[in-house]
Amino acid sequence: MSSPDTEELATTPPPAEEPETPERGRFWRGLTGSLAAGMVVLAVCVLAIAGICLLTGAPGPGPLMLIGHPVAAVLALLAQRVADTRNGRVAGFAGLGVVVSVTAALSLFWWS
């Protein structure tokens, strides 16, 4: 039995490996990402509750809360994006900006 004629195909080189994310900073990015995501959820909930209160005639959150929560959420998301895309001190300070934004919103609007 003869083997069929075969031809060796040219192969492309494997894609270059992406640099690994250093283990250092993963916890900080995870923590600040969770805080930013939590702030977004809180802002959406405040806006939804305001809508429900508007429809039912019940007293709801004031205008300061309706403006402050989305602003804090956007600031936290922007800072988190910088923290995720940069390394070193810039990422650390961006993460600190997330913490400050979330802490300010929680202390201004929820501290009694």
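Here is what the cut-offs are and how they apply
Residues numbered from 1 in each chain as written. Predicted model: local features only at pLDDT ≥ 70, side-chain atom pairs only at ≥ 80, totals over all residues. Heavy atoms only, no water. Core = buried A, V, L, I, M, F, W, Y, C linked by side-chain atoms within 4.5 Å. Buried < 20%, exposed > 50% of the residue type's maximum accessible area, 1.4 Å probe, protein only. Helix = DSSP H or I, 4+ residues; strand = E, 2+ residues; numbered from the N terminus. Contact = heavy atoms within 4.5 Å. Expected span 1.5 Å × (residues − 1). Arc of directions from axis to C-beta. Lys, Arg positive; Asp, Glu negative; His and termini not counted. Salt bridge = Lys/Arg side-chain N within 4 Å of Asp/Glu carboxyl O. Polar contact = N/O pair within 3.5 Å; in protein donor to acceptor, adjacent residues only side chain to side chain.

Colleague: What is the right way to look at the nonpolar core in this model?
Modeller: For soluble globular proteins, the rule of thumb is that nonpolar side chains tend to be buried together. In terms of nonpolar packing, the biggest core is built from 12 residues, these being A36, M39, A43, M65, A72, A73, A76, A79, V98, V102, A105 and F109. Those elements that provide at least two residues to this core are α1 (26-56), α2 (63-85) and α3 (89-110). With residues up to four places along the chain from it excluded, the contact list for M65 reads V46, P70, F109 and W110.

Colleague: Would you take a moment to explain α3 for this structure?
Modeller: Helical periodicity: at 3.6 residues per turn, an α-helix aligns residues three or four positions apart in one direction. Its 22 residues place the ends of α3 31 Å apart at the C-alpha level, agreeing with the 32 Å of an ideal helix rising 1.5 Å per residue. Three or more residues of α3 are buried, namely A91, A94, G95, V98, S101, V102, A105 and F109. Projected down its long axis, α3 carries its buried residues within an arc of 115°, all on one side. For α3, the exposed residues lying more than 90 degrees away from the buried face are R89, F93, V100 and L108. As for α3, its buried residues are in contact with α1 and α2.

Colleague: Would you take a moment to explain the side chain of R29 for this structure?
Modeller: Assignment of secondary structure puts R29 in helix α1. Here R29 occupies a buried position and makes no salt bridge, while the nearest side chain of opposite charge, D84, is found at 4.6 Å. At a separation of 2.9 Å, a polar atom in the side chain of R29 contacts the side chain of N87.

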